[in-house]
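These are the residues of each chain, in order.
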Amino acid sequence: LRRSTYGFAISNVLLDFFGGLFSICQLLIDAYLSGHHFSGISGSIAKFVLGFISICFDSIFILQHYYWFRHRGIV
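Cut-off values and rules
What you see as residue numbers is a count from 1 along each chain, following the sequence as written. Local features are withheld for residues below a pLDDT of 70 in this predicted model, meaning they are given only at 70 or higher, and side-chain atom pairs are given and counted only at 80 or more; totals for whole chains, interfaces and linings count all residues. For the side-chain quantities, the full set of heavy atoms in the structure was used; hydrogens and water were omitted. Secondary structure follows DSSP: runs of H or I at least 4 residues long count as helices, runs of E at least 2 residues long count as strands, and numbering of each begins at the N terminus. Summary of the burial criterion: residues with accessible area below 20% of their type's maximum are buried, those above 50% are exposed, and those between are partly exposed, where the area comes from a 1.4 Å probe applied to protein chains only. Charge assignment: positive for Lys and Arg, negative for Asp and Glu; neither His nor the chain ends contribute. A carboxyl oxygen of Asp or Glu within 4 Å of a side-chain nitrogen of Lys or Arg is what we treat as a salt bridge. The term polar contact refers here to a pair of N or O atoms within 3.5 Å; inside protein, the definition further demands a hydrogen-donor-capable atom paired with an acceptor-capable atom, and it admits residues adjacent in sequence only when both atoms are side-chain atoms. The contact definition used throughout considers only heavy atoms, calling two residues in contact when any of these lie within 4.5 Å. What is meant by a nonpolar core is a set of buried Ala, Val, Leu, Ile, Met, Phe, Trp, Tyr and Cys residues, joined one to another through side-chain atoms within 4.5 Å. Note on ring pairs: Phe, Tyr and Trp rings are taken, using the six-membered ring of Trp, and paired if centres are within 6.5 Å. Classes follow the plane angle, with under 30 degrees stacked, over 60 edge-to-face and the rest tilted. Looking at any residue, its pLDDT shows the predictor's confidence there, from 0 to 100. Whenever a helix is involved, its axis is fitted only over the stretch in contact; in every case the axis is a line through C-alpha atoms, and angles between N-to-C directions fall within 0 to 180 degrees. By definition, any crossing whose near helix is turned counterclockwise from its far helix by less than a right angle is left-handed, and any crossing with a clockwise turn is right-handed. Residue type decides the class: Asp, Glu, Lys and Arg count as charged, Ala, Val, Leu, Ile, Met, Phe, Trp, Tyr, Cys and Pro as nonpolar, and the leftover types, Gly among them, as polar. Here, patches come from residues exposed beyond 30% relative accessible area and free of salt bridges, joined within 9 Å for like charges and within 5 Å for nonpolar side chains (Val, Leu, Ile, Met, Phe, Trp, Tyr). Calculation of accessible area relied on Shrake-Rupley with a 1.4 Å probe; when residues are assessed, cover is drawn exclusively from the protein chains displayed.

Following the sequence through the fold, D58 ends up in helix α3 (residues 45-68). Although D58 lies buried, it forms no salt bridge, and the closest oppositely charged side chain, K47, sits 15 Å away as judged by the N-O distance. Of note is the side chain of D58, whose polar atom sits 3.1 Å from the backbone nitrogen of F17. Other than its neighbours up to four places away in sequence, D58 contacts V13, D16 and F17.

On to the nonpolar core. Grouped together as the largest cluster of nonpolar side chains are six residues: I10, V13, F17, I24, I55 and I62. Contributing elements (two or more residues each) for this core: α1 (11-33) and α3. Each residue touching I62, except ones within four places of it in the same chain, is listed here: V13, L14, F17 and Y67.

Right, let's get into the packing of aromatic side chains. Inspection of every chain in the model, using the stated rule, returns two aromatic pairs. In textbook terms, an aromatic cluster arises when at least three aromatic residues are bridged by ring pairs, as seen for F17, F18 and F22.

Attention now goes to the confidence of the model for the protein chain. When pLDDT is averaged along the protein chain, the result is 83; 85% of the residues meet or exceed 70. Averaged over each element, pLDDT in the protein chain is lowest for helix α2 (residues 39-43) (71) and highest for α1 (91).

At a closest axis distance of 8 Å, the pairing of α1 and α3 adopts a crossing angle of 145°. For the crossing formed where α1 meets α3, the hand is left-handed. The segment α1 lies against α3, with V13, L14, D16, F17, G20, L21, S23, I24, Q26 and L27 engaging K47, F48, G51, F52, S54, I55, D58, S59, F61, I62 and Y66. Classifying every residue of the contact of α1 with α3 gives 12 nonpolar, six polar and three charged.

With that settled, consider a nonpolar patch on the surface. On the surface, I45, V49, F52, I53, F57, I60, L63, Y66, Y67 and W68 cluster together into a nonpolar patch covering about 1000 Å² of accessible area. Mapped onto the secondary structure, I45 falls in helix α3. The partly exposed category is assigned to I45, whose relative accessible area is 48%.

Next comes the structure, spelled out in structure tokens:
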């Protein structure tokens, strides 16, 4: 199995990770500014779930690239 991400451009994964993070932060800030009502999050549940899933998958990929298999070349 080729588990290494050697040669893969990680920049798009990092951009997607921060996009999901900022999307969820925007929902939380909007909920806070609307008087601590979290109806903004429940009204936009698809945006919240998409951001969360994006962060989860990107975290796995980032760990794979920078931590788990960083010293391995092409297998």
